[in-house]
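Each chain, letter by letter, is given below.
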Amino acid sequence: MSHWLIKNALLANEGREWEGDLRIVGDRIERIGSGLTARPGEQVLDAHGRWLLPGMIDDQVHFREPGLIHKGDLASESAAAVAGGITTIMDMPNTIPPTLDAAALEDKYRRAAGRCRANFGFYLGASNDNLDAIRTLDPKTAPGIKVFMGASTGNMLVDDPDTLDAIFREAPTPIITHCEDTPTIDALQAEAKARFGDDVPVSMHPDIRSREACLKSSRLAVSLAKKHGTRLHVLHISTADELALFESGPLLDRDGRLRKRITAETCIHFLHFAREDYARLGNFIKCNPAIKDASDRDALIAALANDVIDVLATDHAPHTLEEKQRPYLNAPSGLPLVQDALLAALELVHQGKLGLATVVQKFAHAPAQLFDVAHRGFLREGHFADLVLVDPDASHVISRDRVLSKCGWSPFEGARFTSRIAATFVNGELAWDGERLVNLPLGRRLEFAR
Ligand code: DOR
C-alpha cells in the first residue's frame, strides 16, 4: 500500500495556489494541509519550488488499438501520457474495427486492463447505421458518443441528415463531435488538385481544410443540439470564427451543476503552431482540423482565458515517420502530443498568456466535470491520488531520443520548454519519476457518476 507525504509544494487547484503538503494513503489523497509530519514508513518527497497539480485528463486521444498498432498502442501511448503528466485518457473509436457497439467497447476495456498506465475511458463511435447501439448504450460504460461530422482518419463520417438528427435526439450520453464540412473540403481539394496536380503543397492544408468548413459544420452541430437539448461537446476548435457559437462563462452554476449544455474544446497544437510553421514542419503538423492562422491561435488562447472554450485536450494521433514523409495528399493527419502537451501549455503560463489556474481548470477539472468522471481531476481529500509534480525552472530542449510514443517523433522537437515533469502519480503510486517509467501499469477503468 502506497504511503507518500509530498511536502512544501505549490499546490494549484480550483483557482487557488498555496504552499502546502499532501498525503497519499493507498490510492487516495488522504490529507491536504501544511506542516504535516511524516509517519513511520511513509516516503517523503520534498517538493519545495515545484508545482503540484491534479493529473491532467485528456478527453481526446487516438491510441490506435486495435488494428493500427504499428502507429501506437495502449501501452506505448499511455507511457508517453504519464511521462507528460496526463493521468487519464479518453480514447477515440476510429480504430480497426471501429468501436461501434458495446462488444467492441468492452474489448477495448479488456485490452487496456493491466497495460494502460493512465486511467482510461473509451468512446462509442457513431456511424450512419448503428443507431440501436447508440440508443442502448449504458451511460456508465463510455464518456460519450463520438460523431465524425467530417471525414478524417478512418471512415466514420456520419452525413445522413436523418441519422444525425436521431443521434442528437436520442444519445444517452454527451455527444462529442468532429466538425468539418466534408463537401466543402472535397471541393477545395479538387480545386487544389486542378492547380497543382498530385503535388499539392502542405501549406494549402488550412485552405483546403478551411475555416468555412469548420464553421459550417460546428454551426450545424450547435443547431442540432439546441433543437434537441443535447449535451454537446465540440472537439478541437481551430478558428476564431467558431467562437461566436459558444457561450462564455463558468462551466458550473452555484449548486455545482453543469451550466452549459453546449461546450467547446481546443487542442494544444492550435495554441502553439500557426500557418507559418508549415514551411518548417510540413506534414508533421498536418492534422484535421488544420492548424490555421496566428490570429486564430491568439483568439483561441484568449477564449480559454475568457471561458468561451471549456476544455484543453491533445487529439494525440500518432502516425509513423514513414507515413508522415509521404507527399501531402498521401500523408495521414495527426500529431503525437500527450508527452509534451502539459509542458507546452505551461509555456503559455511562463509567457504570461494563460494563468496556471486556467490550465488546471481546462485540462483537469473541466473534463472531469463534463464527463461525470468520479473522484478524479481535483486535489481533494478522498479523491484518487492522480497527481503531477512540475519543476517550473528546468529549461530544456525537446529531443527525439526521449519520445515514448511508438511513432518515435514529436512536433515539438527543437522547442525549448521551461518546465519539466518531475513526477506523475496514478492511483496513489509513482508512475513517472522524472526520468523514467516506474511500477507496472496502474491505469484503471473510469467510472462515470451518472
Ligand atoms: O488529425 C487528425 N487525426 N484528426 C482526426 O480527426 C483523426 C486523427 C487520427 O486518428 O489520425
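Located above this text is the structure these notes cover.
Residues numbered from 1 in each chain as written. Predicted model: local features only at pLDDT ≥ 70, side-chain atom pairs only at ≥ 80, totals over all residues. Heavy atoms only, no water.

Caption draft 1: Here's a closer look at the overall build of the chain. Each helix and strand counted, the chain has 13 helices and 19 strands in total. Against the compact-globule benchmark of 22 Å for 450 residues, the chain has a radius of gyration of 21 Å, which places it among compact chains. A buried classification covers 62% of the 450 residues belonging to the chain. Across the chain, contacts joining residues at least 24 apart in sequence account for 74% of those joining residues at least 6 apart. Total accessible area on the chain stands at roughly 16,300 Å², and carbon and sulfur atoms take up 49% of it. Each charge sign in the chain was given a centre, from 52 positive and 62 negative side chains, and these centres are 2 Å apart. (Helix = DSSP H or I, 4+ residues; strand = E, 2+ residues; numbered from the N terminus. Rg over C-alpha atoms; globule rule 2.2 N^0.38 Å. Buried < 20%, exposed > 50% of the residue type's maximum accessible area, 1.4 Å probe, protein only. Contact = heavy atoms within 4.5 Å. Areas by Shrake-Rupley, 256 points an atom, 1.4 Å probe, with all protein chains shown as cover. Lys, Arg positive; Asp, Glu negative; His and termini not counted. Charge placed at Lys NZ, Arg CZ, Asp CG, Glu CD.)

Caption draft 2: Structural detail: the site of the ligand. Neighbouring the ligand are 14 residues; Arg64, Ser152, Thr153, Asn288 and Ser333 lie closest to it. Within the side chain of threonine 153, one N or O atom sits 2.8 Å away from an oxygen atom of the ligand. Taking asparagine 288, its main chain carries an N or O atom lying 2.8 Å from an oxygen atom of the ligand. Taking 290 Å² as the accessible area of the ligand by itself, protein coverage stands at 100%. Residue classes in the shell around the ligand are distributed as three nonpolar, nine polar and two charged. (Near = heavy atom within 4 Å. Polar contact = N/O pair within 3.5 Å; in protein donor to acceptor, adjacent residues only side chain to side chain. Nonpolar A, V, L, I, M, F, W, Y, C, P; charged D, E, K, R; others polar.)

Caption draft 3: Fine view of the nonpolar core. If you look at the biggest cluster of nonpolar residues, it comprises 115 residues, and the most contacted ones within it are Leu53, Val147, Phe168, Leu232 and Leu342. Those residues in contact with leucine 53 that lie beyond four places of it in its chain are Ala12, Leu356, Val360, Leu379, Asp386, Leu387, Val388 and Val390. Listed in part, the 20 residues of the second largest apolar core include Leu11, Trp18, Ile24 and Leu52. (Core = buried A, V, L, I, M, F, W, Y, C linked by side-chain atoms within 4.5 Å.)

Caption draft 4: Broad picture of the sheet that holds strand 6 (residues 56–61). In spatial order, the strands read 6-7-8; together these three strands make up an open sheet with parallel pairing. Unpaired on one side and paired on the other, strand 6 and strand 8 (119–122) mark the two borders of the sheet. Strand-to-strand twist in this sheet, taken as the mean axis angle between neighbours without regard to direction, amounts to 20°. Here strand 6 runs beside strand 7 (residues 86–91); their pairing, made up of four bridges, is parallel. Counterpart to isoleucine 57 in the pairing with strand 7 is threonine 88. Helix-sheet contacts for helix 2 (residues 102–112) involve strand 7 and strand 8, and the interaxial angle to strand 8 is about 165°. (Pairing = 2+ DSSP bridges. Axes fitted to C-alpha atoms, helices over the stretch in contact; angles between N-to-C directions.)

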